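The lines below spell out each chain.
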Amino acid sequence: MAKEKIQLSDHFTYSRLVRFVIPSVVMMIFTSIYGVVDGLFVSNFVGKTPFAAINLVFPLIMILGGFGFMLGTGGTAIVAKTLGMGEKKLATEYFTFIIISTAVVGTVLALLGIAFARPVAMLLGAEGEILECAVVYSRVVLMALPFFMLQNSFQNFFITAEKPKLGLAVTVAAGVTNMVLDAIFIAVFGWGLVGAAAATAISQFVGGIVPVIYFASKNKSVLRFCKTRAYFRVLLNACTNGSSELLSNISASVVTILYNFQLLRFAGEDGIAAYGVIMYVAFVFVAIFIGFVIGAGPIVSFHYGANNTDELKSIRKKSTVLVLVSGAAMLLVAILLSKSLCTLFVGYDVQLYEITHRGFVIYAVSYLFAGYNIFGSSFFTALNNGLISAIISFLRTLVFQTSTVLLLPMMFAVPLDGVWFSVIVAEALSFAVTAFFICIKKKQYDY
């Protein structure tokens, strides 16, 4: 017997909440995994120099794609709130205008990125063969930037449209397209770096165009494209609400550069290799938290717009319990699987294995705090309070992590341990900040 459809207006028990967010969680896990597979193809079949070039320009591509997340998360909060207020026609007009704006912004950024690919790559330190590889890869991938931004934006709007499973299906389709084309273009046709870039670009086209076709056609969701007008104030509010997501992408790139600098300083290439392994696993674990908040955000926005404070309180409490319990479970799983995972990635080098395993276990403690911090930032985005969301994100990803990774190595007898512990301290400080804002805003939002 088919389970009943879950709607944003429902009362959410723990079971109903988990069922509603599961597609988003799986979607984000899948996205993180196929990103790893993409990297493995390039590394094993194309070579380490092209692989290094991709890693060099990848943060830039993610920053540009982050504009799609910004418009998607910020716009979703506005559209879901408007639906909660009973203004369905207005919500669809907002939705249509935000999507059109995303496509326009994506096109402009793509043209600028293609034009300035070489000077930007040089600014990032590329030279010689790495520079040429970086320019070729980035220019091909940036051709699909508008669709990548649309895909990122639609990930959020599918939840508001009460079609989370369809959003998951689109992400899986894009991911499978990427992996299959990687195998064909790189391993079979031998197209090298151009093949890798083309596979990525085509997969992003699939992820962006399929939702456009769906929402442009008659469908059974609460959203579809309609005749609209220029809601520039709404667009500005969407940018403000979603600014924390863009800030997170930018900050993550800066923090990664600092981590690599410190690791190279204290452990050489082994330190960077160990950090790479830890990050691969962290991407998957953190994807669970991100998938949860993508799924839960529209629920919060809807009931906030409907002035349903009882349900708002219930969602906040249940979400807090779920992310804290999940964080503890992730810590346990990471410790239990640490030896196996480290052996899988770097078992061929005893010294590298020891560095990776120690860092892996220490870093895992940060999962206890990370979920609550990610939820807290997203919660305020869903409440249309982009300022507090951005403050939490800015302090967590840039201020705390930057300061701790620079200062803690000087306080530890083994400086490398200071690097690993820095993320724990940063997440713990962010936890305190997030809890502070949650507490002081209870009366204003009555959650």
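Refer to the structure presented above.
Residues numbered from 1 in each chain as written. Predicted model: local features only at pLDDT ≥ 70, side-chain atom pairs only at ≥ 80, totals over all residues. Heavy atoms only, no water.

### Description of the packing of aromatic side chains
Point 1. This structure, assessed with the given rule, holds 30 aromatic pairs.
Point 2. Pairing Phe12 with Phe20 gives two aromatic rings, centres 5.8 Å apart and planes at 75°, and the pair type is edge-to-face. For the pair formed by Phe12 and Phe20, the shared burial category is buried.
Point 3. Ring geometry for Phe436 against Phe437: centres 5.5 Å apart, planes inclined by 65°, an arrangement best described as edge-to-face.
Point 4. Look at Phe437 and you get buried, because its relative accessible area is 14%.
Point 5. Among the aromatic residues, those joined into a cluster by ring pairs are Phe95, Phe154, Phe157, Phe158, Tyr214, Phe215 and Phe225. (Phe/Tyr/Trp six-rings, centres within 6.5 Å; stacked < 30°, edge-to-face > 60°. Buried < 20%, exposed > 50% of the residue type's maximum accessible area, 1.4 Å probe, protein only.)

### Overview of a nonpolar patch on the surface
Point 1. Where nonpolar side chains cluster on the molecular surface, the patch consists of Val176, Val180, Ile184, Val188, Phe189 and Trp191 and spans about 540 Å² of accessible area.
Point 2. Residue position: Phe189 is located in the loop between helix H7 (164-188) and helix H8 (192-216).
Point 3. By relative accessible area, which is 45% here, Phe189 ends up partly exposed. (Patch = residues over 30% accessible without salt bridge, like charges linked within 9 Å, V, L, I, M, F, W, Y side chains within 5 Å. Areas by Shrake-Rupley, 256 points an atom, 1.4 Å probe, with all protein chains shown as cover. Salt bridge = Lys/Arg side-chain N within 4 Å of Asp/Glu carboxyl O. Helix = DSSP H or I, 4+ residues; strand = E, 2+ residues; numbered from the N terminus.)

### Here we look at the state of the cysteines
Point 1. Considering all chains together, one arrives at zero disulfides under this definition.
Point 2. For Cys239, which is in no disulfide, the shortest distance to another cysteine sulfur is to Cys226 and amounts to 19 Å. (Disulfide = S-S within 2.5 Å.)

### Examining the packing of helix H11 (residues 309-346) against helix H12 (residues 350-364)
Point 1. Orientation of H11 relative to H12, taken along the N-to-C sense of each, is 160°, at an axis distance of 9 Å. The orientation of H11 relative to H12 falls into the category roughly antiparallel. Seen from above, H11 lies across H12 with right-handed handedness. Judged by residue contacts, Leu331, Ala334, Ser338, Lys339, Leu341, Cys342, Thr343 and Val346 of H11 engage Leu352, Tyr353, Thr356, His357, Phe360, Val361 and Ala364 from H12. (Axes fitted to C-alpha atoms, helices over the stretch in contact; angles between N-to-C directions. Parallel < 35°, antiparallel > 145°, perpendicular 65-115°, else oblique. Left-handed = near helix turned anticlockwise from the far one by under 90°. Contact = heavy atoms within 4.5 Å.)

### Focus: the environment of Thr402
Point 1. If you trace the backbone, Thr402 turns up in helix H14 (residues 386-407).
Point 2. Each C-alpha atom of the pair Thr402 and Ala426 lies 8.6 Å from the other, and the pair is 24 residues apart in sequence.
Point 3. Ignoring anything within four residues of it in the chain, the contact list for Thr402 reads Val255 and Leu258.

### A closer look at the pattern of salt bridges
Point 1. By the definition in use, this model includes six salt bridges.
Point 2. The salt bridge partner of Glu93 is Lys89, with a shortest N-O separation of 2.5 Å. With Glu93 and Lys89 both in helix H3 (residues 88-115) and four residues apart, this pair spans about one turn of that helix.
Point 3. Between Arg118 and Glu132 there is a salt bridge, and its shortest N-O distance comes to 3.0 Å. Taken together, the residues Arg118 in helix H4 (residues 117-123) and Glu132 in helix H5 (residues 128-142) connect sequence positions 14 residues apart.
Point 4. Among the residues examined, Arg118 registers a relative accessible area of 30% and is labelled partly exposed.
Point 5. The partly exposed category is assigned to Glu132, whose relative accessible area is 38%.

### Quick notes on empty space enclosed by the protein
Point 1. Under the definition given, this model contains one cavity of 30 Å³ or more.
Point 2. Residue lining of the largest cavity: Gln151, Phe154, Gln155, Phe158, Gly167, Val170, Thr171, Gly207 and Pro211, and that is the complete set.
Point 3. Among the elements of the structure, helix H6 (145-160), H7 and H8 are those that each provide at least two residues to the lining of the largest cavity.
Point 4. For the lining of the largest cavity, the residue count by class is four nonpolar, five polar and no charged. (1 Å grid on protein atoms, 1.4 Å probe; cavity = no way out; pocket = protein on both sides within 12 Å on 5 of 7 lines; lining within 4 Å. Points joined across faces, edges and corners; volume = space filled by probe spheres on them. Nonpolar A, V, L, I, M, F, W, Y, C, P; charged D, E, K, R; others polar.)

### Re the side chain of Lys318
Point 1. Checked against the element boundaries, Lys318 lands in helix H11.
Point 2. Despite its burial, Lys318 pairs with no opposite charge; the closest candidate is Glu311, at 6.5 Å N-O.
Point 3. Ignoring anything within four residues of it in the chain, the contact list for Lys318 reads Phe12, Thr13, Tyr14 and Leu17. (Lys, Arg positive; Asp, Glu negative; His and termini not counted.)

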